[in-house]
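Single-letter residue listing:
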Amino acid sequence: MIARAKSIAHGGAGINYALEKDGAEIIDKRFVVGDTGAEIKGEFRIFQNLNTRAENNDLSFVLSPEPKDGQKLSNEDFKAISDSFLKKMNLEKHQAIIVKHTDRNHAHLHLFVNRIDSNGKAYKDSWISKESQTKADQIAREMGLTRAREVEAAKKEITKEVRSQIFEKHTAVLRQRPKDFKAYRELMKSKGVEILPTINKSNRLQGFRVEFQGLNLKATEIHKTMSLSKMGVKIAQIGLNHNPGIKQSMDRGISR
């Protein structure tokens with residue numbers, strides 16, 4: 001389970017966004033009764049007016065179980081997650097509203113919490129992002145859900161395998177001694193690998209990215225020898241000004 005957290009000053013707008021999303025469900029309200037962002041923010045302000053020093057006086061959290069986990073969890077399970085999270089964060093006595101979203105079949109929670117408690121004291125938010133992920137990881141472990149570190153490890157393993165496949169194809173193509181970069185690009189495409197040239201402001205080729213099996217990486221992220229200077233491939237004119245299709249691919253290759 002992944003957690004995101006930040007202090008914000010526009011809690012009312014955030015709550016409205018959460019509530020107005022198609023399929024949104026209110027999982028819980030804590031010490032509030034309002035039905036709109038404006039109403040709930042108004043209730044938050046009762047205590048926020050006791051502390052004029054705090055600027056970002058709303059807390060926004062997103063708790064995202066792995067999609068497969070989220071499909072199995074009931075609303076009662078999601079409420080248990082939010083209850084446990086707020087308790088572990090020492091926010092169980094703060095006003096809050098918890099909303100569930102299921103867009104793109106990815107069930108997750110939005111929590112909006114009053115940073116100011118009933119005594120006018122502001123919750124310390126210095127390490128809130130790191131702390132929220134730690135608590136979410138504890139909950140995932142306790143409930144038998146997929147932990148964020150497990151997901152990250154799996155992604156790294158997949159990326160490692162894909163990088164290895166790309167490098168094998170790259171090495172095989174170089175053995176064919178392509179006459180220039182354009183030929184190299186065409187040979188890689190024949191192997192299912194899309195080469196996305198990166199063009200600088202002088203309209204010159206300065207590098208390239210590689211797209212394969214849903215991953216888009218800088219060539220040198222795959223292997224340090226996959227740089228233009230180390231490949232030993234002639235950099236000939238590759239048709240930037242004459243082939244709209246190449247221009248489009250180059251534009252896609254500029255940003256990671």
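Residues numbered from 1 in each chain as written. Predicted model: local features only at pLDDT ≥ 70, side-chain atom pairs only at ≥ 80, totals over all residues. Heavy atoms only, no water.

Asker: Teacher, can you tell me more about the packing of aromatic side chains here?
Answerer: Two aromatic rings are characterised by how far apart their centres lie and by the angle between their planes. For the structure on display, the rule yields four aromatic pairs. Taken together, a centroid distance of 5.1 Å and an interplanar angle of 75 degrees make the contact between phenylalanine 61 and phenylalanine 85 edge-to-face. Here phenylalanine 61 is found in strand 3 (residues 58-64), whereas its partner phenylalanine 85 is found in helix 4 (residues 75-88), with 24 residues between them in sequence. The same class applies to phenylalanine 61 as to phenylalanine 85, namely buried. Their ring planes at 65 degrees and their centres at 6.0 Å tell us that tyrosine 184 and phenylalanine 208 sit as a pair that is edge-to-face. In this pair, tyrosine 184 sits in helix 7 (residues 181-190) while phenylalanine 208 sits in strand 7 (residues 205-212), placing the two residues 24 residues apart along the sequence. Both residues of the pair, tyrosine 184 and phenylalanine 208, belong to the buried class. (Phe/Tyr/Trp six-rings, centres within 6.5 Å; stacked < 30°, edge-to-face > 60°. Helix = DSSP H or I, 4+ residues; strand = E, 2+ residues; numbered from the N terminus. Buried < 20%, exposed > 50% of the residue type's maximum accessible area, 1.4 Å probe, protein only.)

Asker: What should I look at first to understand helix 1 (residues 11-20) in this one?
Answerer: Because the α-helix completes a turn every 3.6 residues, residues three or four places apart line up on one side. Buried within helix 1 are the following residues: Gly11, Gly12, Gly14, Ile15 and Ala18. For helix 1, the arc enclosing every buried residue in end-on projection is 160 degrees, short of the 170-degree limit, so these residues lie on one face. Turned more than 90 degrees from where helix 1 packs its buried face, Ala13 and Glu20 sit exposed. Contacts made by the buried residues of helix 1 are with strand 1 (2-8), helix 2 (37-48), strand 3, strand 4 (96-101) and strand 5 (108-114). (Arc of directions from axis to C-beta. Contact = heavy atoms within 4.5 Å.)

Asker: I tried to follow the pairing of strand 7 on my own but got confused; where do I start?
Answerer: Every regular strand shows the same layout, with side chains that alternate between the two sheet faces. The buried count for strand 7 comes to six of eight residues, which makes it a mostly enclosed element. Across six bridges, the pairing between strand 6 (residues 194-199) and strand 7 is antiparallel. From the neighbouring strand, isoleucine 199 faces strand 7, where its bridge partner is leucine 205. The turn joining strand 6 and strand 7, which pair antiparallel and follow one another in sequence, is formed by five residues; a positive phi near 65 degrees is taken by asparagine 203. Here four bridges tie strand 7 to strand 8 (residues 215-218), and the two strands are oriented antiparallel to one another. Among the inter-strand pairings, arginine 209 is bridged to a residue of strand 8, identified as lysine 218. (Pairing = 2+ DSSP bridges.)

Asker: Just checking my understanding: could you explain the nonpolar core for this structure?
Answerer: As a rule of thumb, nonpolar side chains are buried together in soluble globular proteins. By size, the foremost hydrophobic cluster in this structure holds 26 residues, and its most contacted members are Phe61, Leu63, Ile81 and Leu111. When residues of this core are traced back to their parent elements, those giving at least two are strand 1, strand 3, helix 4, strand 4, strand 5 and helix 5 (128-143). One finds Val173, Met188, Phe212 and Ala219 within the second-largest nonpolar core, a separate group that totals 20 residues. (Core = buried A, V, L, I, M, F, W, Y, C linked by side-chain atoms within 4.5 Å.)

Asker: Would you explain the sheet that holds strand 3 in this entry?
Answerer: Strand pairing within a sheet occurs via backbone hydrogen bonds; the two strands may be parallel or antiparallel. The strand order across the open sheet formed by five strands is 1-3-5-4-2, and the pairing between neighbours is antiparallel. The open sheet is flanked by strand 1 and strand 2 (25-30), the only strands paired with a single partner. Between one strand axis and the next, the sheet turns through 15 degrees on average, direction left out of account. Inspection of the sheet shows strand 4 paired to strand 5 by six bridges, in the antiparallel sense. Within the sheet, the bridge partner assigned to valine 99 lies in strand 5 and is histidine 110. Set on the sheet, helix 2 makes contact with strand 3, strand 4 and strand 5; between it and strand 5 the angle comes to about 40 degrees. (Axes fitted to C-alpha atoms, helices over the stretch in contact; angles between N-to-C directions.)

Asker: Help me understand the pairing of strand 5, please; the structure alone is not making it clear to me.
Answerer: In terms of burial, strand 5 is largely enclosed, as seven of its seven residues are buried. Burial of strand 5 is two-sided: the residues His108, His110, Phe112 and Asn114 facing one way and the residues Leu109, Leu111 and Val113 facing the other way are all buried. Relative to strand 5, strand 3 runs antiparallel, the two sharing six bridges. When the bridges of strand 5 are listed, leucine 63 appears paired with leucine 109.

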